[in-house]
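# Descriptive analysis of the structure
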Amino acid sequence: MCGIVGFVGNRPCSGLLLEGLSRLEYRGYDSAGIGLLGPDGLVIRRAVGRVAALASLVPESEHTVGLGHTRWATHGGLEVRNAHPHCDRTGRIAVVHNGIIDNADALRARLDPTGAAFISDTDTEVIAHLIAQAYTGDPMAALQQAIGHLQGTWGLVVAFADHPGRLFVARYGSPLVLGFGDDEVFVASDAQAIARWVDQVVHLEDGDQLEIRQGMFASIACRAVPFHAAEEADMGVHRCFMVKEILEQPRVLTNALVGRVSDRGVQLACLVDHPSMRDVSSVVLLACGTSFHAASVGARLIERVAHIPAVAKLASEFSTDGPMVDPRALYIAVSQSGETYDTLEALRRAKGCGAATLGVVNTVDSSIAREADAGLFVHAGPEVAVASTKAFTAQIATLGALALGLAGKPESGVAVAVRKSLMALPDAVESTLERLRDSAAVTMACRWIVDANYALFLGRGPSRHVAEEGSLKLKELSYVPCDAYAAGEMKHGPIAMLKKGTPVVVVVPRDEHRTHMLANIAEVRARGARVIALCEPDDVEVARHADLVLPFDSTHSCLSPVLSVLPMQFLAFRAAELLGLDVDKPRNLAKSVTVA
Ligand code: G6P
């Protein structure tokens, strides 16, 4: 998945393209490239790495038409020759692409059995050659013909040196929006990338193929929607977005709950508008990555509070496994970005089978928000750091509110306790962050983990998902190998990894699993491993058996992941800092994964 931007107007555009690309870096930052189109043909500049590296290569120019790309590598290594735009053999047709061409190898073999004509290892270059092969002077006809050969997904922008003043775009499975400013047209992978310059956007649909040129708004105005830029994220006084986002969590949780959960009960617009969602036979939550961990906690909340069978499924498996879809169940897509390809595909599958769908998303204008039958926004605000933090806690709080909404009235004892604990969460998060932000224990735990170059994370019940999230966060930020297991499974294999000094991070809230966790801690200690215990500050018994304690405040056991994840967030962030790594943009990752 990658980010695309294009511009047709009457002012110099290289700066606009670079700015748009930097806003799209959350979709990948392996390489970046730009193509400027003018009467003298195409000027292409490409660089491995960030848009900042590309900027220094882009000449001052008067070009008013251009296209750009920021890449997350699928086919081909991180080399300039694999960076977009890709050209045909003559260099007169340039293509930027987001998506994956599944039959690229077959097409490549058919186009040039020796492979000598290809400069890159990418699937995209095949498209450039296909267009060139079909081109006899009519760009749109050539694009259509080339697309006829493709299997897979694409958001495409194509420039022809023979046709300065125009770009050609096509969408199938990868998002593209057109944005309209003052006699100028943008195209981009998302609307926020061009938000500063446009006030109307058109979300392209699968199968769309069109030409963009100045003055085209009239022809497509029927599909345009007014558009407002979202709140801009800036780092403020913080040294990286991740710290800022960790520290924002008290406010974020207040935003997620305000107007929904109060002393009077729970009020959710999605359930008022869709009362039948309360009568579902079961709930299936679909998500990937950190959102999957939040969804797993959410499923437990729904079962415990609403007494409706609930399960979290990995959207990446659901979208291709061909699972049975129960039309009487409610399918909930949980996603920060609202654009994760697998989550969107899973949602479409459930919807296609006639089930009710709900999107629990952070990004209001996203594909999942638009396609689900109803939406429940988590209101975390823009999350910029690739490693998700505030979206995770906001998702759990929102799913807690949903569990209460699904439970309805009269409230059970558990529901009352969860509602009160939800209302107290922002303060509990604030107090836990205070305990952790300058904690010497966090730094010490990081040293142990970095020195051992391994850590095992253990938890039971909802805390298992915190262990999994802690392990995910640590490996994505610090590249330290680590495992996460349900603590009861430790004896069945992971215990073999333990030796003297191995750091083992255990999550031990005061819940029904605590006694068994204490037994697991004893087993870990018996092998000489070091126990880093995440527990409540006054839990002297756990502290007595631990080598280090990272505290979190107490709350209802169903909601403890909102608090116990905070030490995990600090651990991962500090470990990355200790190793001198880029906290906000770890290697190989992207904030939004728009390919299968
Ligand atoms: C990527 C991000 C993760 C995120 C996951 C799911 O892997 O790096 O932080 O949890 O996608 O994204 P979503 O936007 O659907 O929550």
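Before any of the text, the structure's been laid out above.
So, here is what we can say about the structure in this document. (Residues numbered from 1 in each chain as written. Predicted model: local features only at pLDDT ≥ 70, side-chain atom pairs only at ≥ 80, totals over all residues. Heavy atoms only, no water.)

What follows concerns the packing of helix H10 (residues 289-306) against helix H17 (residues 462-478). The description of two helices packed together rests on the angle between their axes and the distance between the axes. Here H10 crosses H17 at 175°, and the two axes come no closer than 9 Å. The angle between H10 and H17 places the two elements in the roughly antiparallel class. Judged by residue contacts, Gly289, Thr290, His293, Ser296, Val297 and Arg300 of H10 engage Pro462, Arg464, His465, Glu468, Glu469, Leu472 and Lys473 from H17. Split into classes, the residues belonging to the contact of H10 with H17 amount to three nonpolar, five polar and five charged. (Axes fitted to C-alpha atoms, helices over the stretch in contact; angles between N-to-C directions. Helix = DSSP H or I, 4+ residues; strand = E, 2+ residues; numbered from the N terminus. Parallel < 35°, antiparallel > 145°, perpendicular 65-115°, else oblique. Contact = heavy atoms within 4.5 Å. Nonpolar A, V, L, I, M, F, W, Y, C, P; charged D, E, K, R; others polar.)

Time to look at the environment of Gln144. If you trace the backbone, Gln144 turns up in helix H5 (residues 139-147). Residue Gln144 is classed as partly exposed on the basis of its relative accessible area, which comes to 41%. Spatially, the C-alpha atoms of Gln144 and Gln209 are 7.5 Å apart, while their sequence positions differ by 65 residues. (Buried < 20%, exposed > 50% of the residue type's maximum accessible area, 1.4 Å probe, protein only.)

The full count for this structure, using the stated rule, is zero disulfides. The closest cysteine sulfur to the non-disulfide-bonded Cys13 is located on Cys87, 16 Å from its own sulfur. (Disulfide = S-S within 2.5 Å.)

What follows deals with the pairing of strand S16 (residues 283-287). Of all five residues that make up S16, five are buried, and the element is covered over most of its length. Neither face of S16 is left uncovered, since the one carrying Val283, Leu285 and Ala287 and the one carrying Val284 and Leu286 both have all their residues buried. Pairing analysis gives five bridges linking S16 to strand S17 (residues 310-314), with the strands arranged parallel. Across the sheet, Ala287 pairs through a bridge with Leu314, a residue of S17. (Pairing = 2+ DSSP bridges.)

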